[in-house]
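Each chain, letter by letter, is given below.
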Amino acid sequence: MAEDDRHEVAARSFLTCAAEVAQLLDLGTGTDVPEDRRARHLAHAVRKPLLESAGLPEEFFAPLMAAAVYDPDPSFCRWFVEPAVYAFGRRRVMTALLEYLRTGTEAERAGAKRAWYCAHVPLRADRSPAYAPGGRRDPALDQTRDVANEWREASGTPLRESAAARDRYEA
């Protein structure tokens with residue numbers, strides 16, 4: 001398969017994922033936007049409603065993870081990862097990414113690696129009342145040391161690199 005063909009397949013997959021998230025939010029499918037820009041348009045359209053949601057229903061989890069993994073731009077996959085971390089917990093998000101790394105296609109494994117970095121987003125009180133002083137959230141939702149160890153084993157990431165990243169976010 002030629003490089004252009006691979007990019008087209010990946011773009012189409014991301015479009016499908018972004019459209020599914022947009023439909024869950026009742027935002028339509030963006031058919032009025034040219035197809036080559038439709039996926040990014042939909043990703044932009046879902047960003048604000050996702051971040052403004054205090055919580056998300058269960059049916060959002062798999063589409064958010066798929067959109068994060070299939071997003072070809074490492075700068076933008078955070079738009080799907082961050083709301084998933086707030087709504088479902090860092091542990092669950094990282095576990096899903098680990099599963100993509102272990103069992104996914106080559107493209108899915110690459111996408112999981114891009115999204116893994118975004119899964120370490122700092123949790124802020126202005127994004128969720130659960131993180132405000134006096135807020136309540138089960139700490140187990142965000143405990144990831146064992147998942148990070150499994151990720152290192154599965155990805156072959158050197159221990160010193162992942163320990164430095166863990167120390168930055170678990171401080």
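This text goes with the structure placed above it.
Residues numbered from 1 in each chain as written. Predicted model: local features only at pLDDT ≥ 70, side-chain atom pairs only at ≥ 80, totals over all residues. Heavy atoms only, no water.

Undergrad: How should the nonpolar core be read in this particular structure?
TA: The nonpolar side chains of soluble globular proteins are, as a tendency, buried together. Judged by nonpolar contacts, the single largest core of 45 residues is most densely connected at Val 21, Leu 50, Leu 64, Phe 80, Val 81, Val 93 and Leu 97. Of all the secondary-structure elements, those providing two or more residues to this core are helix 1 (3–24), helix 2 (35–52), helix 3 (61–70), helix 4 (78–88), helix 5 (90–103), helix 6 (106–118) and helix 7 (145–155). (Core = buried A, V, L, I, M, F, W, Y, C linked by side-chain atoms within 4.5 Å. Buried < 20%, exposed > 50% of the residue type's maximum accessible area, 1.4 Å probe, protein only. Helix = DSSP H or I, 4+ residues; strand = E, 2+ residues; numbered from the N terminus.)

Undergrad: Help me out: how do you make sense of empty space enclosed by the protein in this one?
TA: One pass over the full model with this rule turns up one cavity of 30 Å³ or more. Here the largest cavity is characterised by a volume of approximately 80 Å³. Sorting the residues of the lining of the largest cavity by element identifies helix 2 and helix 4 as the ones contributing at least two each. It is helix 4 that contributes the most residues to the lining of the largest cavity, three residues altogether. The class makeup of the residues in the lining of the largest cavity is seven nonpolar, three polar and one charged. (1 Å grid on protein atoms, 1.4 Å probe; cavity = no way out; pocket = protein on both sides within 12 Å on 5 of 7 lines; lining within 4 Å. Points joined across faces, edges and corners; volume = space filled by probe spheres on them. Nonpolar A, V, L, I, M, F, W, Y, C, P; charged D, E, K, R; others polar.)

Undergrad: Sorry if this is basic, but what is going on with the environment of Leu 15 here?
TA: In this structure, Leu 15 sits in helix 1. Here Leu 15 falls in the buried class, since its relative accessible area comes to 12%. The sequence separation of Leu 15 and Thr 29 amounts to 14 residues, and the corresponding C-alpha distance is 9.5 Å. Ignoring anything within four residues of it in the chain, the contact list for Leu 15 reads Glu 35, Arg 38, Ala 39 and Leu 42. (Contact = heavy atoms within 4.5 Å.)

Undergrad: Would you explain the pattern of salt bridges in this entry?
TA: For side chains of opposite charge, pairing can occur when their charged atoms come near one another. A complete count under the given rule lists seven salt bridges for this structure. One salt bridge connects Arg 40 with Asp 71, and the closest N-O pair in it is separated by 2.7 Å. Pair noted here: Arg 40 is in helix 2 and Asp 71 is in the loop between helix 3 and helix 4, with a separation of 31 residues, a long-range link. On the basis of relative accessible area, Asp 71 is assigned to the buried category, the value being 0%. With a shortest N-O distance of 3.8 Å, Lys 48 and Glu 52 are connected by a salt bridge. Of the two residues, Lys 48 and Glu 52 both sit in helix 2, four residues apart, roughly one turn of that helix. (Salt bridge = Lys/Arg side-chain N within 4 Å of Asp/Glu carboxyl O.)

Undergrad: Would you mind going over the state of the cysteines with me for this structure?
TA: Think of a disulfide as a covalent bridge from one cysteine sulfur atom to another cysteine sulfur atom. Inspection of the entire model under this criterion finds zero disulfides. The structure places no disulfide on Cys 77, whose sulfur is separated from the nearest cysteine sulfur, that of Cys 118, by 3.5 Å. Look at Cys 77 and you get buried, because its relative accessible area is 0%. (Disulfide = S-S within 2.5 Å.)

Undergrad: What's the story with the packing of helix 3 against helix 5 in this structure? I'm lost.
TA: Describing two packed helices takes the angle between their axes plus the distance from one axis to the other. The contact between helix 3 and helix 5 brings their axes to 11 Å, and the two run at 55°. If you check the angle between helix 3 and helix 5, you find them oblique. Helix 5 is crossed by helix 3, and the crossing has right-handed handedness. Contact with helix 3, carried on its side by Phe 61, Met 65, Ala 66 and Val 69, involves Arg 92, Val 93, Ala 96, Leu 97 and Tyr 100 of helix 5 and no other residues of that element. Across the contact of helix 3 with helix 5, the residue classes break down as eight nonpolar, no polar and one charged. (Axes fitted to C-alpha atoms, helices over the stretch in contact; angles between N-to-C directions. Parallel < 35°, antiparallel > 145°, perpendicular 65-115°, else oblique. Left-handed = near helix turned anticlockwise from the far one by under 90°.)

Undergrad: Got a minute to help me understand helix 4 in this structure?
TA: One full turn of an α-helix is made of 3.6 residues, so residues set three or four places apart face in the same direction. Here helix 4 lies mainly inside the structure; nine of its 11 residues are buried. Among the residues making up helix 4, those that are buried are Trp 79, Phe 80, Val 81, Glu 82, Pro 83, Ala 84, Val 85, Tyr 86 and Phe 88. Following helix 4 by one or two positions, Gly 89 adopts a phi angle in the positive range, close to 100°.

Undergrad: Explain helix 5 here, please?
TA: For helix 5, which comprises 14 residues, the first-to-last C-alpha distance of 20 Å matches the rise-based estimate of 20 Å (1.5 Å per residue) to within 8%. Within helix 5, the full set of buried residues consists of Arg 90, Val 93, Met 94, Ala 96, Leu 97, Leu 98, Tyr 100 and Leu 101. The elements touched by buried residues of helix 5 are helix 3, helix 4, helix 6 and helix 7. (Expected span 1.5 Å × (residues − 1).)

Read these as geometric descriptors, not functional statements.
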